[in-house]
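One-letter residues, chain by chain:
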Amino acid sequence: VVVVKPNIGWDRTVELAANTHPAVVATVIELCLEAGAKQVRIFDRPCNDERRCYTQSGIRAAVEQIKSDRVSLEYMDRRAYKKLAIQGGKAFDRWEFYLPVLEADRLITVPIAKHHSISRLTLGMKNLMGVIGGNRGRLHHNIAESLTDIASVIHSDLTIIDATRILVANGPQGGRIEDVRHTETLIASPDMVAADAYAATLFGFKPEDIPTVAAAVRRGLGVMDLI
């Protein structure tokens with residue numbers, strides 16, 4: 001059982017670069033099926049209305065075109081969250097996590113690379129906010145340590161960052177085509193922190209400029225040395 005977790009957080013169309021590109025999501029799903037996945041589950045906890053996000057993003061149509069009974073695009077079940085301890089947590093010692101993510105055999109997180117007004121960038125680590133419960137706004141008070149706490153519990157087997165087009169300003173929601181830059185790039189790594197570190201360079205940053213990356217490296221969750 002594989003969970004593919006894109007960013008489907010916003011009621012925005014593909015060209016505005018607020019959500020993961022549907023072609024990237026569909027390709028990842030197809031590769032999972034080819035590799036023998038028994039089931040591929042796709043979901044996110046959007047900020048806007050979930051039905052509109054799933055449709056406007058183009059991801060619903062892309063998933064439905066695959067036409068496989070082993071693939072399911074799902075709305076998240078509010079009953080499936082469980083509060084778990086965070087060992088060594090800096091910002092929180094407990095949080096609500098979505099159990100289907102933790103119980104899956106494999107987790108592939110597929111974020112889009114974009115600007116974020118609070119965390120500077122939203123990449124692989126930030127994408128994990130879509131599979132937790134509770135008041136997510138609380139995480140923004142100490143975003144670097146908060147996301148590192150979450151990433152210490154949710155272990156992604158593979159991070160594929162969609163940088164086919166990136167949102168360079170007014171993120172995470174965007175809304176202006178002028179803020180979108182086409183880079184035609186995908187970044188893949190079993191190390192989420194390393195993937196985020198490399199993605200930062202597409203925006204002109206060094207990995208250590210991104211607080212979430214630096215915090216995760218300090219706690220041994222990954223590396224940011226790209227050499």
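Refer to the preceding data block for the structure.
This is a predicted model, so every value here is computed, not measured.

Caption draft 1: Structural view of the packing of aromatic side chains. Evaluation of the coordinates by the stated rule reveals four aromatic pairs. A centroid spacing of 5.2 Å and a plane angle of 80° characterise the contact between Phe43 and Tyr98, whose relative ring orientation is edge-to-face. Of the two residues, Phe43 sits in the loop between β2 (40–42) and α2 (50–56) while Tyr98 sits in strand β5 (residues 94–98), which places them 55 residues apart along the sequence. Overall, Phe43 belongs to the buried group, its relative accessible area being 0%. Ring pairing ties together the aromatic residues Phe43, Tyr81 and Tyr98, which thus form one cluster. Cation over ring: Arg51 sits above Tyr75, and NZ or CZ is 4.7 Å from the ring centre.

Caption draft 2: Seen up close, the layout of surface pockets. Counted as a void, the largest pocket has a volume near 260 Å³. Surrounding the largest pocket, 18 residues form its lining, Trp10, Cys47, Lys126, Met129 and Arg136 being those nearest its centre. For the lining of the largest pocket, the secondary-structure elements that each account for two or more residues are β7 (112–116) and α5 (124–127). Computed from the structure, the second largest pocket encloses a volume of approximately 220 Å³. In this structure, the second largest pocket is lined by Asp44, Arg45, Pro46, Glu50, Met76, Asp77, Arg78, Tyr81, Gly133 and Gly134. Here the lining of the second largest pocket is composed, by residue class, of three nonpolar, two polar and five charged.

Caption draft 3: Highlighting the nonpolar core. One finds Ile29, Val40 and Ile154 to be the most contacted residues of the largest nonpolar core, which totals 66 residues. Sequence-distant contacts of Val40, defined by excluding residues within four places in its chain, comprise Val2, Val4, Ile29, Cys32, Leu33, Arg70, Val71 and Ser72.

Caption draft 4: Representation of empty space enclosed by the protein. For the structure shown, the criterion picks out one cavity of 30 Å³ or more. Put simply, the largest cavity is a space of about 40 Å³. Taken together, Leu121, Thr122, Leu123, Met125, Lys126, Leu147, Asp196, Ile210 and Thr212 make up the full set of residues lining the largest cavity. Among the secondary structure elements, those contributing two or more residues to the lining of the largest cavity are β8 (120–122) and α5. A class-by-class count of the residues in the lining of the largest cavity yields five nonpolar, two polar and two charged.

Caption draft 5: Molecular detail of the environment of Ala197. When you line up the elements, Ala197 lands in helix α7 (residues 192–201). Given a relative accessible area of 0%, Ala197 falls into the buried group. Separated by 25 residues in sequence, Ala197 and Gly222 have C-alpha atoms that sit 9.7 Å apart. What Ala197 contacts, discounting residues up to four positions off in sequence, is Pro207, Val213, Val223, Met224 and Leu226.

Caption draft 6: Broad picture of helix α6 (residues 143–153). Most of α6 is tucked away: ten of the eleven residues are buried. Three or more residues of α6 are buried, namely Ile143, Ala144, Glu145, Ser146, Leu147, Thr148, Asp149, Ile150, Ala151 and Val153. Along its buried surface, α6 packs onto β4 (81–85), β5, α4 (99–103), α5 and α8 (211–218).

Caption draft 7: Layout of the packing of α7 against α8. Following both chains from N to C, one finds α7 and α8 inclined at 145°, their axes separated by 10 Å at the closest point. The handedness of the crossing between α7 and α8 comes out as left-handed. Contacts from Val193, Asp196 and Ala197 of α7 reach α8 at Val213, Ala216 and Val217. Looking at the contact of α7 with α8, its residues break down into five nonpolar, no polar and one charged.

Caption draft 8: Here's a closer look at the pattern of salt bridges. Enumeration over the complete set of coordinates arrives at twelve salt bridges. Here Glu50 ties to Arg51 by a salt bridge, and the two come within 3.3 Å at their closest N and O atoms. Judged by relative accessible area, Glu50 falls into the partly exposed class, the value being 24%. Across the salt bridge formed by Asp162 and Arg165, the nearest N and O atoms sit 2.9 Å from each other. Assigned by exposure class, Asp162 and Arg165 land together as buried. Members of the salt-bridge network, linked through shared partners, are Glu145, Asp149, Arg218 and Arg219.

Conventions adopted
Residues numbered from 1 in each chain as written. Predicted model: local features only at pLDDT ≥ 70, side-chain atom pairs only at ≥ 80, totals over all residues. Heavy atoms only, no water. Phe/Tyr/Trp six-rings, centres within 6.5 Å; stacked < 30°, edge-to-face > 60°. Helix = DSSP H or I, 4+ residues; strand = E, 2+ residues; numbered from the N terminus. Buried < 20%, exposed > 50% of the residue type's maximum accessible area, 1.4 Å probe, protein only. Lys NZ or Arg CZ within 6 Å of the ring centre and 35° of its normal. 1 Å grid on protein atoms, 1.4 Å probe; cavity = no way out; pocket = protein on both sides within 12 Å on 5 of 7 lines; lining within 4 Å. Points joined across faces, edges and corners; volume = space filled by probe spheres on them. Nonpolar A, V, L, I, M, F, W, Y, C, P; charged D, E, K, R; others polar. Core = buried A, V, L, I, M, F, W, Y, C linked by side-chain atoms within 4.5 Å. Contact = heavy atoms within 4.5 Å. Axes fitted to C-alpha atoms, helices over the stretch in contact; angles between N-to-C directions. Left-handed = near helix turned anticlockwise from the far one by under 90°. Salt bridge = Lys/Arg side-chain N within 4 Å of Asp/Glu carboxyl O.

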